[in-house]
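What follows is the residue order along each chain.
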Amino acid sequence: MRLSRYFLPVLKETPSEAQIASHRLMLRAGMIKQASAGIYSWLPMGFKVLKRIEQIVHEEQIRAGHIPMLMPTLQSADLWRESGRYDDYGEEMLRIKDRHGRDMLYGPTNEELITDIFRAHVGSYKDLPLTLYHIQWKFRDEIRPRFGVMRGREFYMKDGYNFDIDHDAAIHAYNRHMVSYLRTYERMGLKAIPMRADSGPIGGEDTHEFLVLADTGESEVFYDSAILDLTLGDRAVNYDDRAECAAIVREWTTPYARTDETHDAAIYDQIPEARRKSSRGIEVGQIFYFGTKYSEPMGAVVTNDKGERVPVHMGSHGIGVSRLVGALIEANHDENGIIWPEGVTPFHCGIVNLKQGDAEVDAACAGLYKALAEKGLEPLYDDREERAGAKFATMDLIGLPWRITVGPRGLKSGVVELTCRRTGTSEEMSPEAAVARVAEIYAPHTAPHWEPMAKSSFHTWL
Ligand code: ATP
Ligand code: MG
């Protein structure tokens, strides 16, 4: 993309309404514009990041064997009356009447709709296990929307639902989700720690929230710092293998990590003092096993292998896709702007032309652009008639991880400058070497992560 032809409405002033860095930077970098309280338009660069995150979520869900679909945002109140949640949900639910006076609502979540789909089409244990998910806008009329997209009223969420024949099979689905979520966040360059959370009135131990440590987080968390050393890396996981998934879950749930709701000081105090940590965290996902809570009242039953009719065991699993954009910035920024991890950056590499209109510099920039594109990378070329300082400030603000600077002086000796946004270090090299280096850095991110994806339409979304 040429910046002169793009729509990147960066702001010079720091918006006064933004209290935290990610909100400030998203506004300043022209990623979002507030439409009304807690509701945002996603401007082109914000939209791109949102789609990159969504892409990773899809790839990892499909890799784990979960099936994508799409349910509507508007739902009928009748289904929610069946589950008993229409009255329980309270003020957070946006209730609407259609022209015929029918009660509708803008879905805050989809357990009822998915259970209705399941009961209409599935009747036998032979059709299980089944995990369906979608990525769709949700609406919760939050009393205090704030921090930009972090606590919106309208927000984008991946929510998935597993249907299993019994408790053990459903626990495997739970474990599978935990492992796939770990991989999802890792690919985004994010450390999200699974923490035992409060399962509310349902009881049991089977819910974990994934938290990104940040001073601006809304949750108070307590953990053993040993958990920070764990990584999944590029282990090949067989998602059908119950023991393998359970072992990974054990690995991540052995070090103490809890939100304040389930915090137990007596256990916490046994952690060696140097490893005992408490801080704030941003919830970027949650997994939940809830048994037959919805299947029983809503009649989602199947015939088991003994011919008996039994309610299915279910769980639901959410990732805050739009919140992640903010959380990623909270975890990756400095005083000059955003620093995107390679996995989610809106453009792979910036190209800064220091002397727009100079035939040689223009040609070198065009050559770099073409060479990067041929490697499957998306450059953002700042071809505006602007001072070098202004171009650098824009690049720093929008946070592309790599920048190639091209000027007449360097070109005389055949070099351009490759700069790393995170460390600020620059290196001179030939244009060819710069392209090769950038392509090598991105290789783990641009390779198809899941073979069938390479052939599917998902891969061409962005
Ligand atoms: P919170 O405790 O932050 O209100 P929640 O526990 O009610 O969130 P879930 O129902 O678990 O939310 O939704 C799954 C994910 O959706 C959350 O982990 C979070 O990342 C995201 N999410 C929830 N509410 C919002 C919101 N108002 N704005 C943006 N993202 C949200
Ligand atoms: Mg939650």
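For every chain, the first residue of the written sequence is number 1, and numbering continues from 1 onward in sequence order. Going through the entries in the order they are written, you letter the chains from A and number the ligands from 1. Totals for whole chains, interfaces and linings use every residue, but because this is a predicted model, local features are given only for residues with pLDDT of at least 70 and side-chain atom pairs only at 80 or more, for both listing and counting. The side-chain figures draw on all heavy atoms in the structure; neither hydrogens nor water molecules are used.

## Let's talk about the sheet that holds strand β6 (residues 103–106)
Pairing between the strands of a sheet comes from backbone hydrogen bonds, and it takes one of two forms, parallel or antiparallel. Here a strand pair is declared whenever DSSP counts at least two bridges between the two strands. Strands are runs of DSSP state E lasting at least two residues, helices are runs of H or I lasting at least four, and both sets are numbered from the N terminus onward. Here we have three strands laid out as an open sheet, ordered β4-β6-β5, and antiparallel in their pairing. What marks the edges here is a single partner per strand, and that holds for β4 (74–76) and β5 (94–97). For this sheet, the mean inter-axis angle between neighbouring strands, taken without regard to orientation, is 35°. As judged from the four bridges shared by β5 and β6, these two strands associate in the antiparallel manner. Looking at the pairing, Leu94 lines up with Tyr106 of β6. For every element, the axis is a line fit to its C-alpha atoms; helices are fit only across the contacting stretch, and the angle between N-to-C directions ranges from 0 to 180 degrees.

## So, the environment of Thr394
Position of Thr394 among the secondary structure elements: in helix α12 (residues 388–398). Here Thr394 falls in the buried class, since its relative accessible area comes to 10%. Separated by 38 residues in sequence, Thr394 and Glu432 have C-alpha atoms that sit 25 Å apart. In this description, contact between two residues means that some pair of their heavy atoms is separated by no more than 4.5 Å. Non-local contacts of Thr394, meaning those with residues more than four positions away in its chain, are made with Leu8, Val10 and Arg384. Exposure is judged per residue with a 1.4 Å probe applied to protein chains only, and the accessible area is read against the type maximum: over 50% gives exposed, under 20% gives buried, and values in between give partly exposed.

## Thoughts on the side chain of His317
Take His317: it is sitting in strand β16 (residues 313–320). Polar side-chain contacts of His317 include one of 2.9 Å to the side chain of Asn162. In contact with His317, other than residues within four places in its own chain, are Lys158, Asp159, Gly160, Asn162, Tyr174, His177, Tyr181, Gln286, Ile287 and Phe288. Definition of a polar contact: a pair of N or O atoms within 3.5 Å, with one able to donate and the other able to accept a hydrogen when the atoms are protein atoms, and with sequence-neighbouring residues admitted only if both atoms are side-chain atoms.

## Details of the pairing of strand β1 (residues 32–36)
Both β1 and strand β2 (residues 39–42) contribute to a ladder of four bridges, which runs antiparallel. Within β2, the position partnered with Lys33 by the bridge is Ser41. Connecting the antiparallel pair β1 and β2 is a turn made up of two residues, with Gly38 showing a positive phi of about 70°.

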